[in-house]
Every structure is written in C-alpha cells, then in structure tokens.
Amino acid sequence: MDNRLPTEFDVVVIGTGLPESILAAACSRSGQRVLHLDSRSYYGGNWASFSFSGLLSWLKEYQQNSDIGEESTAAWQDMIHETEEGITLRKKDETIQHTEVFCYASQDMDGNIEETDDLQKNPSWVASSTLIKPLDSACLSEEMHSLYVSSYEVPAKGTPENNGEVTDIAETLVKEENCGYKTYKHRVSDGAKDEIKPILEDNSDPPKRNRITYSQIVEEGRRFNIDLVSKLLYSQGLLIDLLIKSNVSRYAEFKNVTRILAFREGKVEQVPCSRADVFNSKELTMVEKRMLMKFLTFCLDYEQHPDEYQAFTQCSFSEYLKTKKLTPSLQHFVLHSIAMMSESSCTTIEGLKATKNFLQCLGKFGNTPFLFPLYGQGEIPQCFCRMCAVFGGIYCLRHKVQCLVVDKESGRCKAIIDHLGQRINAKYFIVEDSYLSEETCSNVQYEQISRAVLITDQSILKTDSDQQISILIVPPVEPGACAVRVTELCSSTMTCMKDTCLVHLTCSSSKTAREDLESVVKKLFTPYAETEIDKEELAKPRLLWALYFNMRDSSGVSRSSYNGLPSNVYVCTGPDCGLGNEHAVKQAETLFKEIFPSEEFCPPPPNPEDVFFDGDDKQPESLGANTIIIAQLESSEGSKNLESSEKHLQN
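Residues numbered from 1 in each chain as written. Predicted model: local features only at pLDDT ≥ 70, side-chain atom pairs only at ≥ 80, totals over all residues. Heavy atoms only, no water.

With an unreviewed UniProt entry as reference, the protein chain is termed Rab proteins geranylgeranyltransferase component A, source organism Monodon monoceros. Word for word, the UniProt comment on the protein chain under Subcellular location (unreviewed entry) is "Cytoplasm, Cytosol". Regarding the protein chain, the relevant UniProt record gives this comment under Sequence similarities (unreviewed entry): "Belongs to the Rab GDI family." (UniProt positions renumbered as here; feature names shortened; annotations may be inferred.)

Q: Before we move on, could you go through the overall build of the protein chain and cite the residues and values that matter?
A: The helix and strand tally for the protein chain stands at 15 helices and 30 strands. Looking at the protein chain as a whole, 53% of its 651 residues qualify as buried. Long-range contacts, defined here as pairs at least 24 residues apart, represent 70% of the contacts in the protein chain between residues at least 6 apart. A total accessible area of about 30,600 Å² is found for the protein chain, and carbon and sulfur atoms account for 47% of it. (Helix = DSSP H or I, 4+ residues; strand = E, 2+ residues; numbered from the N terminus. Buried < 20%, exposed > 50% of the residue type's maximum accessible area, 1.4 Å probe, protein only. Contact = heavy atoms within 4.5 Å. Areas by Shrake-Rupley, 256 points an atom, 1.4 Å probe, with all protein chains shown as cover.)

Q: Which residues make up the sheet that holds strand 13 (residues 254–256), and what values go with them?
A: The sheet built from 3 strands is open, its strands ordered 12-16-13 with antiparallel pairing. Edge positions in the sheet fall to strand 12 (233–234) and strand 13, since each of these pairs with one other strand and no more. (Pairing = 2+ DSSP bridges.)

Q: Break down the environment of A105 for me, with residues and values.
A: Turning to its location among the elements, A105 is positioned in the loop between strand 5 (96–103) and strand 6 (114–116). With 350 residues separating them in the primary sequence, A105 and I455 have C-alpha atoms 9.8 Å apart.

Q: Hey, could you go over the packing of helix 9 (residues 328–338) against helix 10 (residues 348–361) for me, with residue numbers and the actual values?
A: Close contact between helix 9 and helix 10 brings their axes to 10 Å; oriented N to C, the two are set at 75°. One finds that helix 9 runs roughly perpendicular with respect to helix 10. Of the residues in helix 10, those in contact with V334, S337 and I338 of helix 9 are A354, T355 and F358. Class assignment of the residues belonging to the contact of helix 9 with helix 10 gives a composition of 4 nonpolar, 2 polar and no charged. (Axes fitted to C-alpha atoms, helices over the stretch in contact; angles between N-to-C directions. Parallel < 35°, antiparallel > 145°, perpendicular 65-115°, else oblique. Nonpolar A, V, L, I, M, F, W, Y, C, P; charged D, E, K, R; others polar.)

Q: Tell me about the sheet that holds strand 4 (residues 84–88), and name the residues and values.
A: As summarised here, the arrangement of the 4 strands in space is 4-18-19-20, forming an open sheet in which the pairing is antiparallel. Lying at the two open borders of the sheet, with one neighbouring strand each, are strand 4 and strand 20 (423–425). Mean inter-strand twist for the sheet, computed between neighbouring axes without regard to direction, equals 30°. Pairing of strand 4 with strand 18 (residues 401–407) involves 5 bridges; the strand directions are antiparallel. Paired with G86 across the strands is V405, a residue of strand 18.

Q: Go over the packing of aromatic side chains with me, naming the residues and quoting the values.
A: To describe a pair of aromatic rings, you give the distance between the ring centres and the angle between the ring planes. All told, the structure shown has 19 aromatic pairs when counted by the stated rule. Ring geometry for F52 and Y214: centres 6.1 Å apart, planes at 75°, overall edge-to-face. Of the two residues, F52 sits in helix 2 (residues 52–63) while Y214 sits in helix 4 (residues 214–219), which places them 162 residues apart along the sequence. Classification of F52 as buried rests on a relative accessible area of 1%. (Phe/Tyr/Trp six-rings, centres within 6.5 Å; stacked < 30°, edge-to-face > 60°.)

Q: Go over the side chain of S281 with me, naming the residues and quoting the values.
A: Mapped onto the secondary structure, S281 falls in the loop between helix 6 (275–280) and helix 7 (286–300). Within the structure, S281 has its side chain in polar contact with the backbone nitrogen of E283 (distance 3.2 Å). With residues up to four places along the chain from it excluded, the contact list for S281 reads P272 and K289. (Polar contact = N/O pair within 3.5 Å; in protein donor to acceptor, adjacent residues only side chain to side chain.)

Q: Explain the packing of helix 5 (residues 238–246) against helix 11 (residues 379–390) residue by residue, including any values.
A: With their axes 12 Å apart at the nearest point, helix 5 and helix 11 run at an angle of 25° to one another. Of the possible angle classes, the one that applies to helix 5 and helix 11 is roughly parallel. Helix 5 and helix 11 meet at a crossing whose hand is left-handed. Across the interface between the two elements, L239, L242, L243 and S246 from helix 5 touch I380, F384 and M387 from helix 11. Grouping the constituent residues of the contact of helix 5 with helix 11 by class yields 6 nonpolar, 1 polar and no charged. (Left-handed = near helix turned anticlockwise from the far one by under 90°.)

Q: Which residues make up unusual backbone geometry, and what are the values?
A: Unlike most non-glycine residues, E265 shows phi in positive territory, near 55°. Of the residues examined, E265 reaches a relative accessible area of 69% and is grouped as exposed. Unlike most non-glycine residues, M494 shows phi in positive territory, near 60°. Considering the arrangement of structural elements, one finds M494 in the loop between strand 24 (484–489) and strand 25 (501–508). For M494, a relative accessible area of 35% corresponds to the partly exposed category.

Dropping the structure here:
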C-alpha cells in the first residue's frame, strides 16, 4: 500500500493540539491547501481525552517512549541539497513527567454488593489494591518510583478464615450509630442463600453505597473520557464566540456547570452566584446578602467608578476586599470562587476584571458562567479538525516528521522530510513546540503544571441529584503557594461510568504533582484502603483510582526564545494552567493574522445556495464574500485523501 502524500501544500501543520487545530481550520477555510500531521496515534496532543484503557495505553506509551530506530526511519541527510540545511525535530515527547498511578479499588469482589458505611472498616473486603509501577523519569529519585499503596488480600473461598463455608461473605458485622443507640446486623450464609437477620433494628435504614471494583472500571472503560488538561469554557469567552461564529459548534454538545463550590474551614459548601442564589442562600445572613449584591453590582461597571479603587491599584485584591467591609466568608467567596484568584499574586485591577468577567458570563446558558463539552475537552480540537477536513484538509496520524528543510540563502523553510523519506514542500509551517529539538529550545525556561485525575464513588458535596458538574478552588495552606482547582464531572457528561465521578485537580507546579496535590486529595477524599475511618471521614467520597503527572506549560515562551527558527515557521504552545481556553484562541488568531493578514479568521460558513462547483453553468456573475467555488476532484486520489481524513476523524 502506498502511503505517500501529495508533495505540494500551502500550509503544513505539525501537531493536533487546540491552537494548531484552530489554525488548520482557519487556513483551510480561507482556501489554503493544508496538510495536518501528528506523530501520535490520537488527536489533540496534550489536549486529548482518553477512555480508561486508552489512558493506560497512553501511560504505557510514555513508559516505552524511546528514540525512533534507524531501521524504521529513512535517512534524510542525503535529501538535503548543498544550498540547504536541515533542522531536526524531537523524536520523543518529553512534556509529561513524574507519572504515578494508584489503584485503591478492590479487584476481586462482586461489584453489585451494596454495603453500609462501616463495612469499609474491614480492609479484608475493601482495600485490595492494584500495584501499578509509575513511569521512569530522569527527574525522579529511586524512592519516588515505588508506590506505597496498602494491599490486602481477600480471603479465598473455603479457607479457614471463612470457617470452611463456600460463600463470598461468611459473616460481616455492621453497626450504625443512630439517635444515641446502635443497630447491629450480621450476614450469615447457609451455603445457598444469604440472609440479613436483624438483632436490634432501627426504623431508619443505614446509608448504602455501591461497591465499585477495579474490574468494573476496566469493563466500563469506554464510558470514561479522561482529559489530559482540565478546562472549562466561559459562556461569553473567546472559544464559545469562535465556535458559534465558525459554526464549528454543530460538531459538539455542551452541558452547563451546575454549581460552584468553596472550601472553607475544612468544609465544602456551595457558593451563591446569581441574584436568586444569593437571596435563597441559607449560609448567608440578610446583611451579608445585601453586602454581596452591592459589591457585585459595583464590579459589573467598576470602570465607571475609578474613585472606588484608584487608591488600591498597587494592593492585592484580598487587601482591597477587606476595605469594602465584606465579612470573611464573603471575602473568601469573592476571591476564590468568583474571581478565582490567589491572595498574593492578584492585584486589585486583575481581581475586579476577573469578577466582572464572571458576572457577565452568568445566565447566558445556565446558572453558572461555565460550559463543559460532552465527552471531554478533547472533542474541541477534533471539531476544528473536522472543519479543516470539510474544506479539503488532509490528515495523517502516526506520521513522523524528521526535519525541516531550510534554504541557506533566504533563511526560509522550504519543506519537511517525513519518516518515509518523502519530501513535502509548503509555503508556511506551523509546529507544536513539543516537536522542537533540544538545540532549538536550549534557552527556553518552561513552567510546569501539576495534574491529578481521580475516580471516586460519589460527589464531594452530595445533593438530591447525583448529576452535578462542580468547580472548586482550594486555597493554599501556606502563603505564596498556589491554589488548587478541582473540577468534578458526573456520568451525564459522558466522561465516567454510572455511580462514579471523575475529578480533575490542577495547579502550577512547585514540586512533583503528587507532592503538590496529595494534601488536597486527602482533605476531600478517603482512600478505599483506609483501615481506620472516623465518622467525618465516612462522609467523604472514596477514592478508587488516581493518576498524578506533571505537564509542561510553554504558554509563556516567546518566539525569540527559540534558536534558529526560519521566519515562515510558527510555533504553537501547549496547554496553559488557566481555567479557560483564551490563550489558545488568541494565539491561533494572532498567528493566522501574521501569516494571512488580509484574510478573515474563521469566517461564518457559506449558505448551501452560495456553494458552486467549478464548471457549473449556474454560477452567478458576481460572487458574494461567502461564496465558495469547489473544484471538481480530477482524480480518485484526491477523493481517497479526503475520505481517509474523514475516517480518521470519525475514529
């Protein structure tokens, strides 16, 4: 089978992250011939979403990530002419580090067992753990590579611990404290049918939880869509505006984030956002409600009242809030849950601007300012890839690029050479920064993002509905440390299986991800393997599975930091640590304007009646701005390329 591509394009895009995908769609929409490549086997790069098995494969891929073997790569040096030079690209992705995996869920028990809360006190039934070795990393010490996860064995059928009876559970003592006295139940088995016999029974039933086992998670793995980067869409943000303007929104579905939470004095509570929420809140006094509404009303048009904040422009936003006579609880809500800023690094102007942006996004699509895409954040890059393919873009995954070919005289890049030894020419080249070599990035200083992905058995704040999408900011304990952003997703987002929640934790890195985030995980969740759990811990969700990793943040790197880049090679950065996608959209639009200053960035799609095929007798004499003439494909090869692109996207 011939895998060779056409050799002439206007734009070659390397990497399928969000900014690259937006750029590819914009270029294709403006009539450019676009080739979009990725050496990975999936779309999205570090913006991707995976099923559970896909995530495990991704982890294994990083574990086995090594340089491309000489036998699988055609030599490119012989294809460089005397008047040219080659800039090699990186052969392996080094943007992910310090990866550690923990499994706390039992593997061997029946997942349909309903258990009372105190059943988890018996580790024989609940704490069987899977030991998963974290990936090797040069930055990790020997000790960091070992997992300290408690492991317990479930007694086998017919062992002395089961008193010789053939039963999954011979006898389990369960107790519940209720109204000052205790209710005891025991489970016995006659070898055929289990029966629960009350010894002293109370009228109220004890709380029950479904047991989620690791084997269930694996079996239901396709129901998970786990994002590598955790973000939300502001309802009036740049990405939503672009999706609507370009009509790419028709490729995706969204759900409104249902609530915003706060972590204060060791407890999780819901933050009132809208006017109705404020006045219906039982946590706020009437005086606090009036104070909060007065301050939020001011923030909506704070620019019109400079005398109110001009004297505090050099102060932090937290110091400014104290001058507004807000109570400590209101200051906490505004700073961490509405402005979503840190105490030390946020100025008064930044805080007021963030608060105004939050309030302006309220009520457009729901009761909070945020939207979440069904099936995960990784859907968004694929939506723009679909748009690019519709307008003729060609896609190839698992297609490595060995080098950029640069003309010595002009200093411009002329072509790329792929792993098959094929030379592909183009006018412009857009490259995700993870592909750039160590020599090119020798002067670059990167930030890091600490990430954790958790699977839990219930929400961190239980309500009547178990279908809640929540965002929580956990303030730092120590001054100068970073706050941790927690996003909790339910099964209706199509990101996790029924009776579980998928939780994302994100913060700027100061250490490894586990060191940065584990303290917050312990505050909010109870590991499944705990042997002694007090009453307060019982109310917390149980942690079933956890992944920690550090991701490189290159969003603050300027083009001048890279060495020896040709003028027609443009660099896109990876995900940033922010909640929204504004940086990616701004970067894509800025680069597009640099490349094609006279073209409109992702214009609205044409009406069907404005689309004409080349050679059609019914073409109008004068063409409108959105009229498109589509040239008939003269060979079956072009049809195959487009069909192949669409098949890739569907998969």
